[in-house]
Amino acid sequence: LTAPRHLGLSLTFRPLGSSARDEASRAALSEAPDHSYESLRVTPAQKHILHVQLNRPEKRNAMNKVFWSEMVECFNKIAKDTDCRAVVISGAGKMFTAGIDLMDMASDLLQPQGDDVARISWHLHNLITRYQETFNVIEKCPKPVIAAVHGGCIGGGVDLVTACDIRYCAQDAFFQVKEVDIGLAADVGTLQRLPKVIGNQSLVNELAFTSRKMMADEALGSGLVSRVFPDKEVMLDAAFSLAAEISSKSPVAVQSTKVNLLYSRDHSVAESLNYVASWNMSMLQTDDIVKSVQAAMEKKELKSVTFSKL
């Protein structure tokens, strides 16, 4: 099920092309400055765009102990990176992620610290909230984050992608809320974000109670992803094309939009209108508006406009 090329966006899907792909490949040879991790690989894909890869392909990108802290470190740095305007997250190898690495995490989950029930519970509460922050940082990051999913997106993978702003997938992708199969309720984001992403509580309940696979066409129909592509390569081309389009806009406008969209998701219309009025009373004073309006009047593309770093 290949998505149509018109989706109400201001762009039509444009593959990177050989020269652009070669440029991206050259950039991918070196990691982004200050981003050196065991479980992740962060590379500058194009100007203003970072590519974050889950990078344990030999373990199907399973989320081990170091992953949970490295994601927090990675996205806290990205949030402060004034040159970055958009992020693409994908998985290296044959699938996006197999979810939690049970072998590596077993000691934390099955043998928690503490002398009695109260102390063990206190420790587990701290552990769970720390793991929740691993995906909260994606949502807190003001830069738009695009998830590009191929193969399996299992367990913690669903927690991860529901924290992203936009989700694309390849035709071979499937999504699985796997936690009930290992005897627990998902506790790092899926049960909280998935109902708001797809807006169908019955379907959410079905997926969470049964751990059945949701294939790519159903994910598109339910609204979990916005586009499906024939394979990983075409999907990544589209994700980077979208990121480039986003990056051509005013970073003040884009990042303000993300902040206000997330606020409005969790607040009433009246509260959200008041919030955006308070927000924009300062943001409307940006020079980016003058530059954007001038480009429109002169019929210039925004990618020709130089916006200051943010």
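Refer to the structure presented above.
The rules behind each value
Residues numbered from 1 in each chain as written. Predicted model: local features only at pLDDT ≥ 70, side-chain atom pairs only at ≥ 80, totals over all residues. Heavy atoms only, no water. Salt bridge = Lys/Arg side-chain N within 4 Å of Asp/Glu carboxyl O. Buried < 20%, exposed > 50% of the residue type's maximum accessible area, 1.4 Å probe, protein only. Helix = DSSP H or I, 4+ residues; strand = E, 2+ residues; numbered from the N terminus. Pairing = 2+ DSSP bridges. Phe/Tyr/Trp six-rings, centres within 6.5 Å; stacked < 30°, edge-to-face > 60°. Core = buried A, V, L, I, M, F, W, Y, C linked by side-chain atoms within 4.5 Å. Contact = heavy atoms within 4.5 Å. Axes fitted to C-alpha atoms, helices over the stretch in contact; angles between N-to-C directions. Parallel < 35°, antiparallel > 145°, perpendicular 65-115°, else oblique. Left-handed = near helix turned anticlockwise from the far one by under 90°. Nonpolar A, V, L, I, M, F, W, Y, C, P; charged D, E, K, R; others polar. Right-handed = clockwise from strand over helix to strand, strands pointing away.

*Asks:* I tried to follow the pattern of salt bridges on my own but got confused; where do I start?
*Replies:* Opposite charge on two side chains permits pairing when their charged atoms draw close. Evaluation of the coordinates by the stated rule reveals 16 salt bridges. The shortest N-O distance in the salt bridge between Arg 265 and Asp 266 comes to 3.0 Å. The exposure class of Asp 266 is partly exposed, given its relative accessible area of 39%. Taking the shortest distance from any N to any O, the salt bridge between Glu 298 and Lys 300 comes out at 3.1 Å. By sharing partners, the salt bridges in this structure join Glu 139, Arg 193, Lys 196, Arg 265 and Asp 266 into a single network.

*Asks:* I would appreciate a short explanation of the pairing of strand β6 (residues 166-170) in the present structure.
*Replies:* Along any regular strand the residues' side chains alternate between the sheet's two faces. Within β6, four of the five residues are buried, which leaves it mostly tucked inside the rest of the structure. Across four bridges, strand β4 (residues 145-149) lies against β6 in parallel orientation. Across the sheet, the residue bridging to Val 149 is Cys 169, located in β6. Where β6 lies against strand β9 (residues 227-229), three bridges are found, and the strand directions are parallel. Paired with Cys 169 across the strands is Val 228, a residue of β9.

*Asks:* Help me understand the packing of aromatic side chains in this model?
*Replies:* Between two aromatic rings, the relevant description is the distance of the centres plus the angle of the planes. Tallied over the full model, the rule gives seven aromatic pairs. An aromatic cluster is present here, built from Phe 67, Trp 68, Tyr 131 and Phe 135 joined pairwise through their rings.

*Asks:* Would you mind showing me how to read the nonpolar core here?
*Replies:* If you look at soluble globular proteins, the nonpolar side chains tend to sit buried side by side. Core analysis: the largest hydrophobic core is formed by 52 residues, its most contacted members being Phe 75, Ile 89, Ile 138, Leu 160 and Phe 175. Here this core takes seven residues from helix α2 (residues 65-80), the largest share from any one element. When near neighbours in sequence (up to four residues on either side) are disregarded, Phe 175 contacts Val 149, Cys 153, Val 158, Val 161, Cys 169, Arg 212, Lys 213, Met 214, Ala 219, Leu 224 and Val 225. Listed in part, the 18 residues of the second largest apolar core include Ala 86, Tyr 168, Met 235 and Leu 236.

*Asks:* What is the right way to look at the packing of helix α6 (residues 190-198) against helix α7 (residues 201-210) in this model?
*Replies:* The axes of two packed helices give the description: the angle between them and the distance between them. Look at α6 against α7: their axes get within 9 Å of each other, and the N-to-C directions meet at 140°. Accordingly, the angle class assigned to the pair α6 and α7 is oblique. The chirality of how α6 crosses α7 is right-handed. The segment α6 lies against α7, with Leu 191, Leu 194, Pro 195 and Ile 198 engaging Gln 201, Leu 203, Val 204, Leu 207 and Ala 208. Residue composition of the contact of α6 with α7, by class: eight nonpolar, one polar and no charged.

*Asks:* Any chance you could explain the sheet that holds strand β8 (residues 213-215) here in plain terms?
*Replies:* Strand pairing in a sheet takes place through backbone hydrogen bonds and is either antiparallel or parallel in direction. One open sheet accounts for three strands, arranged β5-β7-β8; its pairing is mixed. Two strands lie at the open edges of the sheet, namely β5 (152-154) and β8, each paired on one side alone. On average, each strand axis in the sheet is tilted by 20° relative to the strand beside it, whichever way the strands run.

*Asks:* Is there a simple way to think about the packing of α2 against helix α4 (residues 117-140) in this case?
*Replies:* The N-to-C vectors of α2 and α4 enclose an angle of 30°; their axes lie 8 Å apart at closest approach. Of the possible angle classes, the one that applies to α2 and α4 is roughly parallel. Our pair here, α2 against α4, has a crossing hand that is left-handed. Contacts from Phe 67, Trp 68, Met 71, Val 72, Phe 75 and Asn 76 of α2 reach α4 at Tyr 131, Glu 133, Thr 134, Phe 135, Val 137 and Ile 138.

*Asks:* Can you walk me through the pairing of strand β2 (residues 49-54) in this structure?
*Replies:* Of all six residues in β2, six are buried; the element is thus mostly enclosed. Taking every second residue as pointing to the same face, both faces of β2 are buried, with Ile 49, His 51 and Gln 53 on one and Leu 50, Val 52 and Leu 54 on the other. Examined bridge by bridge, strand β1 (residues 40-46) and β2 share six bridges and lie antiparallel to one another. Bridging across to β2, Leu 40 finds its partner in Leu 54. Following β1, the chain reverses through two residues before pairing antiparallel with β2; His 48 in that reversal takes a positive phi of roughly 70°. Looking at chain direction, β2 and strand β3 (residues 86-91) are connected through six bridges and run parallel. Counted as the bridge partner of Val 52 is Ile 89 from β3. A crossover links β2 with its parallel partner β3, the connecting element being α2, and its sense is right-handed.

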